[in-house]
Amino acid sequence: MRRSIPSAQALAALHTGVEDAEPRLGEGDVPANAVSAAPKKKEPPPETPESIRLRILVIFSFWVIILALGVPIWWRTTIIYRARLPLDQMMDWADERACRPVFPLRISIEADSLQDHESQHLLRTTQHALDDLNAFSAHHLRLQLSPPANGSVVAEGKSVGGDNEEVALVIRLLPGTETKADLQAYSPVLDLYYTPNQVLSSSSSTSSLVTYIANTLRDMFAEEQAMIAYLLSTSSAPPERSPKALAPEVAESLAKWTTRSIKYSRTYHLTFSLFTPTAIPSTWDIEKALEEHIKPLLESFSSISNFTIDTQVQLYATPGVSGNVLKKEDLSGFINAAEWPLSPSIGGAPTINFIVYVGDMEVEGGGKSWLIPQWGGVVIQSDISDLRPVMLIFSNQLMSLLGAPESGSLPLRLMTLVRVRSAGLLLKASGTMGSLARLTLALPSISIPKSVADGVYTTLEHLRKACDGLGGTEGLGNARIAEEAAEKAFFEKSMVGQVYFPDEHKATVYLPLLGSVGVPLVMSLLKEFKAWRKRRRANAL
């Protein structure tokens, strides 16, 4: 039996009927019997209490290692060591509250020709007269009698009284036909002659002899008193302790003295040079001249400074200026530093140059020698067969360069230099202590090593000793040690290194490290804190 094939119209009608029987789906509608192809999201299994506890212990262990081990190591290795300094004491010395410089000069009187009561009365009245003339309390003269049986002795330019105390001057009262004073050139002894009618009676309160002794002593030590007063006036002393204003001409002279004097040093190097414009003379008898004229002077300076000496001869040496008459403005350019082999400072000791130039030049207005402040001296001489005049000029120039006073005998000038240098070193060391204290307070980030603290305590110790003995060589030795220790402490190399390491540089070093290490630790801690809060809320429900 043949099966009939439905026609196209019949198929279309059938398809239309099926569509009408099923509801139409819009866009986005999913059939009821549709099956999703996307996998269903699985929830993680709940954490066990052991895993939570382990994670907390891991995070806690990281923080413990960082806080208990890392931070202390970092702090220990990067902390700036600052030794404890006595800042209050340092400022007291700088402001001259810890020490009031006093220079008591002991003067011994030998009055063997007078009776005991006359000597005692003369001593008291003369001391009163000196006190009335003295307007500077920091520098005063103390008179004392030298007993005949145990009188004073003079050795090596120093006078020592009967009680073994160093005295500045010995006055020997000698009867004579007129009143006069004779100061010995190479010992601190003043021979004072008086007439018999000048002897002070027990009922008299003054006499011409007392006035003469007081005025003589005041004139002898007036220059030293002015030099010390000038040093104290230029320091940071309180107004009530500053000396009275000096006369303008005296202050100007002392300002030149300060400019002319070379800085104090424990050791100086002396260079004696012969410069000649031709090939002759090629030698000079300098060794003999130094032995006779310079070395005895240097030996007298042994309690103040040490000296080393060298000599040289330079041929075909051309000065820096030309002409037979040198103007004053040409003197500074006479030294041909570019061609003349002048010695620099050797071993850290300042060098003082003394030059002899063979020629017929002279300075305008007369004279063939001049002094170069803080450097040396120059002498022009055509004939060097006799070096004695040259050595005498160099001796005077050396005394001026070292800061010695211009008047008085050699022992008195040297002892004045001791006291002046003691005062200068004490004031300089005290000022350095104040500068170090202010630097410590102004820069909290600067390191202060133990060596600086040791230097400060050494300085303070010797400053106290120097203040108690400013009148003699012992005070100079302590002041020198204090100044050297103060300078060494202030210019300690390890202190200044931290100054060039600012806080901005620290930030650029630490931020990259803290960012890579600190962020994961902090975020893990915050995440664990949030999880703990979530578990707590779940347990509460």
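The text that follows walks through the structure, step by step, so that each part is easy to find. (Residues numbered from 1 in each chain as written. Predicted model: local features only at pLDDT ≥ 70, side-chain atom pairs only at ≥ 80, totals over all residues. Heavy atoms only, no water.)

1. Some points on the overall build of the protein
A tally of helices and strands in the protein yields 14 helices and 15 strands. Relative to its full complement of 541 residues, the protein shows a buried share of 38%. Considering only intrachain contacts with a sequence separation of at least 6, the fraction spanning at least 24 residues in the protein is 71%. Here the protein displays about 31,800 Å² of accessible surface, and carbon together with sulfur accounts for 57% of that area. (Helix = DSSP H or I, 4+ residues; strand = E, 2+ residues; numbered from the N terminus. Buried < 20%, exposed > 50% of the residue type's maximum accessible area, 1.4 Å probe, protein only. Contact = heavy atoms within 4.5 Å. Areas by Shrake-Rupley, 256 points an atom, 1.4 Å probe, with all protein chains shown as cover.)

2. Here's the deal with a nonpolar patch on the surface
A contiguous nonpolar surface patch, about 510 Å² in accessible area, is contributed by Leu67, Val71, Trp74, Trp75 and Ile79. Among the structural elements, Leu67 can be located in helix H2 (residues 49–78). (Patch = residues over 30% accessible without salt bridge, like charges linked within 9 Å, V, L, I, M, F, W, Y side chains within 5 Å. Salt bridge = Lys/Arg side-chain N within 4 Å of Asp/Glu carboxyl O.)

3. Digging into the layout of surface pockets
For the largest pocket, the calculated volume is near 800 Å³. Among the elements of the structure, helix H6 (222–233), helix H7 (248–260), helix H10 (410–442) and helix H12 (473–490) are those that each provide at least two residues to the lining of the largest pocket. The leading source of residues in the lining of the largest pocket is H10, at nine residues. (1 Å grid on protein atoms, 1.4 Å probe; cavity = no way out; pocket = protein on both sides within 12 Å on 5 of 7 lines; lining within 4 Å. Points joined across faces, edges and corners; volume = space filled by probe spheres on them.)

4. Considering the sheet that holds strand E12 (residues 351–357)
Ordered by their spatial adjacency, five strands build an open sheet running E10-E9-E12-E15-E14, and the pairing between neighbours is mixed. Two strands bound the open sheet, and with one partner strand each, they are strand E10 (306–314) and strand E14 (369–372). Taken over all neighbouring pairs, the strand axes of this sheet differ in orientation by 15° on average, direction set aside. As judged from the seven bridges shared by strand E9 (residues 267–275) and E12, these two strands associate in the parallel manner. Counterpart to Thr271 in the pairing with E12 is Asn353. (Pairing = 2+ DSSP bridges. Axes fitted to C-alpha atoms, helices over the stretch in contact; angles between N-to-C directions.)

5. Observations concerning the sheet that holds strand E1 (residues 103–110)
Read across the sheet, five strands follow the order E2-E1-E6-E8-E7 without closing on themselves; strand pairing throughout is mixed. What marks the edges here is a single partner per strand, and that holds for strand E2 (139–145) and strand E7 (180–183). Strand-to-strand twist in this sheet, taken as the mean axis angle between neighbours without regard to direction, amounts to 25°. Strand direction decides the pairing type here: E1 and E2, joined by seven bridges, are parallel. Bridging from a neighbouring strand, Phe103 pairs with His139 of E2. Packing against the sheet, helix H4 (residues 116–133) makes contact with E1, E2 and strand E6 (169–175), and its axis sits at approximately 175° to E2.

6. Topic: the pairing of E12
Counting buried residues along E12, seven of its seven residues qualify, which places the element largely inside the surrounding structure. Of the two faces of E12, both are covered, the one formed by Thr351, Asn353, Ile355 and Tyr357 as well as the one formed by Ile352, Phe354 and Val356. Summarising the sheet, E12 and strand E15 (residues 376–380) pair through five bridges and their orientation is parallel. Each residue of the ladder has a partner; that of Ile355, found in E15, is Val378.

7. What about the pattern of salt bridges?
All chains considered together, the criterion is met by 14 salt bridges. Taking the shortest distance from any N to any O, the salt bridge between Glu291 and Lys295 comes out at 2.7 Å. With Glu291 and Lys295 both in helix H8 (residues 286–300) and four residues apart, the pair spans about one turn of that helix. Across the salt bridge formed by Glu461 and Lys465, the nearest N and O atoms sit 3.4 Å from each other. Highlighted residues: Glu461 and Lys465, both in helix H11 (residues 450–468), separated by four residues, approximately one helical turn. Judged by relative accessible area, which is 43%, Glu461 ranks as partly exposed. A single salt-bridge network, built from bridges that share partners, covers Arg55, Glu528 and Arg535.

8. Brief notes about the packing of aromatic side chains
The full count for this structure, using the stated rule, is 13 aromatic pairs. With a centroid separation of 5.9 Å and 80° between ring planes, the pair formed by Phe334 and Trp340 is classed as edge-to-face. Of the two residues examined, Phe334 and Trp340, each falls in the buried class. Ring geometry for Phe354 against Phe394: centres 4.9 Å apart, planes inclined by 45°, an arrangement best described as tilted. Here the residue Phe354 occupies a position in strand E12, and Phe394 occupies one in helix H9 (residues 388–401), the gap between them amounting to 40 residues. The pair Phe354 / Phe394 is uniform in exposure class, with both members buried. (Phe/Tyr/Trp six-rings, centres within 6.5 Å; stacked < 30°, edge-to-face > 60°.)

Purely geometric numbers; function is a separate question.
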